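In case you want the letters, here they are:
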Amino acid sequence: MLLRVLTAASLLAAAVHAGLAFHAWRRRTRSPLTLPFIGLCVAFGVSSLTLGLVGFAPSARDAEFWFRLGTPFSSAVPSVSLHVLLALSGRLSRGRGWKLPLIYAPMLPTLYQEFLGPDAWRVAMVPYENGWLLDFRGAGFPFLAFFGAWNLLGLLIGYGAVWHWARGPRTRRERAQARVILWTGLLSFAGLAIAHTVAARNFDDRLMPPQLPVPGLIVALGLAAALFRHRLLVVTPSLALDQVLASLRDMLLVLDRHGRVAEANAPARRALDLPDRPLAGRVFVDVAADPATLADALARMRESDPPGPCVEAELITAEGPMPVEISGSAIRDADGDPLALAVVVRDLRDTRRLQREIDERRRAEDRLAATLEAVADGVVATDVDGRVVLMNPVAERLAGRTLAEAANRPLHEVLPLRDARTLAPEPDLLARAADPARPGPDADFLVGPEEGPRLLVTCAAAPMRGPDGARAGFVLVLRDVTQDRQVEQELARTSRLESVGLLAGGIAHDFNNILTAILGYVEMARLDVPP
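Cut-offs used in this document
Residues numbered from 1 in each chain as written. Predicted model: local features only at pLDDT ≥ 70, side-chain atom pairs only at ≥ 80, totals over all residues. Heavy atoms only, no water. Helix = DSSP H or I, 4+ residues; strand = E, 2+ residues; numbered from the N terminus. Buried < 20%, exposed > 50% of the residue type's maximum accessible area, 1.4 Å probe, protein only. Contact = heavy atoms within 4.5 Å. Areas by Shrake-Rupley, 256 points an atom, 1.4 Å probe, with all protein chains shown as cover. Core = buried A, V, L, I, M, F, W, Y, C linked by side-chain atoms within 4.5 Å. Expected span 1.5 Å × (residues − 1). Pairing = 2+ DSSP bridges. Axes fitted to C-alpha atoms, helices over the stretch in contact; angles between N-to-C directions. Salt bridge = Lys/Arg side-chain N within 4 Å of Asp/Glu carboxyl O.

Examining the overall build of the protein chain
The helix and strand tally for the protein chain stands at 17 helices and 14 strands. Burial analysis of the protein chain (531 residues in total) assigns 36% to the buried set. Across the protein chain, the fraction of contacts at a sequence separation of at least 24, relative to all contacts at a separation of at least 6, is 56%. Working note: accessible area of the protein chain is about 31,200 Å², and carbon and sulfur atoms make up 61% of it.

So, in structure tokens, the structure goes:
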């Protein structure tokens, strides 16, 4: 029963290690600790998986196969653990060339024992209940003793380095990391001691179950807590600088003394790499449309300190000519001598396109202003809230105020309109324009000061739409019809006088006809009267 429980725990530990390794890989943080931690999880995971499969092996041969398959990973656990702890404490910043071989060299005796040594040295499998036990009673016991001693020594060295590192002046985050890792070490030692005590009480001397996942699981979970919760996967200043430079949209290049490109960030490589000639190693002026002018500018930049001069040029890219703005300054050593040239190249294609759009819009506005000035009607534009934003000169004359005085004021204050017949104010002119179902005003309006001459106008209003179809405001067109109405009144008066004249002429004609008849009869009567 105990072997079954340990087998299940070993397989569960393998799944946990796989999840931790995948999580660290998915973060893709470029830290010196990322790969060692993933290696540690892989070593723990494969070791736990193969030792767990030993418990399900139907024969000793199958059990030995799974045990030998996991031996390289099991033997790597102490070395990888020491690698992670030394990397955390900064002990691998120097001397990696000899420290890493020294860390991983103790794996060799165990590998030699299982793969190259005599059969008598190998660990044998002893059946026990529903599983198998590892038999170290043969000639391979010294290798087990060496592996155990190296495991203990490696943990003492690693956690000792972390303890010494934590004693220095550290940030609160780093102290929290150190506490988590040191507690992890204590718990792993305790778990290891408990596991061996349980094994000694339940099995014969030098017989051990292959599934002891608790210490490794404690170490992996503790390091994962420090890695992810306390952000142990931090970037170094140089790494942070690399990430910042790679995230910039501008092209950054470092030119050596001969003007060749020594370093370039990703935007520079994407823009200036040619299919047959990569950017690195090329003479930078060769990518310019005018190499001589650019060479003179770079020479001035070499003699300047940051930020350096700035020039415009045109570079030849795989997509065609690219207008750019180039600035740079010399990179100097401690004695002030120039070592290289740092160059910043800014793509001006978007800037030029925006400038063209701005110029085109400005010309359109100028054409609109000239058109509005030439229009004989008054034109008033408002925003969606009915506040004046534009007035042409005719509208200014009708309103009696300039655009500067009327800007951002409500329309009804700038241009109060009253019905010419009722003298009632017109309050909902823009509301009518906003509702297509409502008819527009068909009356004449009076505009002008309360006391003084007023003008008679007709008006039409309509909503303005933006590029997205949303309402952007209103436009109001006013036409001065004062003289038109006066002419109409004069014509009406003349028409009335003509009608009266015609009537009078008709009456006179009829009266003349009556008088003619009367006079005729009088003349006839006089003929009958004696003289």
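Read on for the rest.
Some remarks on the nonpolar core
In terms of nonpolar packing, the biggest core is built from 25 residues, with Met 251, Leu 253, Phe 284, Leu 298, Ile 326 and Val 345 touching the most fellow members. Elements with a minimum of two residues in this core: strand S4 (251-255), strand S5 (261-264), helix H10 (266-272), helix H11 (291-302), strand S6 (310-317), strand S7 (320-332) and strand S8 (338-347). Top contributing element to this core by residue count: H11, with 4 residues. Setting aside residues up to four positions removed in sequence, Leu 298 forms contacts with Leu 255, Phe 284, Val 285, Leu 341 and Val 343. Core analysis: the second largest hydrophobic core is formed by 21 residues, Val 380, Leu 411, Leu 429 and Phe 445 among them.

Some words on helix H2 (residues 34-54)
The first and last C-alpha atoms of H2 sit 30 Å apart over 21 residues, in line with the 30 Å expected at 1.5 Å per residue. Most of H2 sits out of view: 15 of its 21 residues are buried.

As for the sheet that holds S4
With antiparallel pairing, 5 strands are arranged side by side in an open sheet as S5-S4-S8-S7-S6. Strands at the two margins of the open sheet, each flanked by one partner only, are S5 and S6. The sheet shows a mean angle of 35° between the axes of neighbouring strands, taken without regard to direction. Where S6 lies against S7, 8 bridges are found, and the strand directions are antiparallel. The residue bridging Ala 313 from the neighbouring strand is Val 324, located in S7.

Digging into the sheet that holds strand S14 (residues 471-480)
Spatial strand order, S10-S9-S14-S13-S12-S11: 6 strands in an open sheet with antiparallel pairing. Two strands lie at the open edges of the sheet, namely strand S10 (388-391) and strand S11 (418-419), each paired on one side alone. Summarising the sheet, strand S12 (residues 445-447) and strand S13 (residues 455-465) pair through 3 bridges and their orientation is antiparallel. Considered in S13, the bridge of Phe 445 is made with Val 457.

Re the pattern of salt bridges
Side chains that carry opposite charge are capable of pairing whenever their charged atoms lie near each other. Throughout the structure, instances matching the rule amount to 12 salt bridges. Measuring nitrogen to oxygen at the nearest pair gives 3.7 Å for the salt bridge that ties Asp 350 to Arg 249. Residue Asp 350 is located in helix H12 (residues 349-374), and its partner Arg 249 is located in the loop between helix H9 (237-247) and S4; the two are separated by 101 residues in the primary sequence. Owing to a relative accessible area of 33%, Asp 350 belongs among the partly exposed residues under this scheme. Owing to a relative accessible area of 73%, Arg 249 belongs among the exposed residues under this scheme. For Glu 312, the salt bridge goes to Arg 352, with nearest N and O atoms at 3.1 Å. Taken together, the residues Glu 312 in strand S6 and Arg 352 in helix H12 connect sequence positions 40 residues apart. Residue classification places Glu 312 among the exposed residues on the basis of a relative accessible area of 55%.

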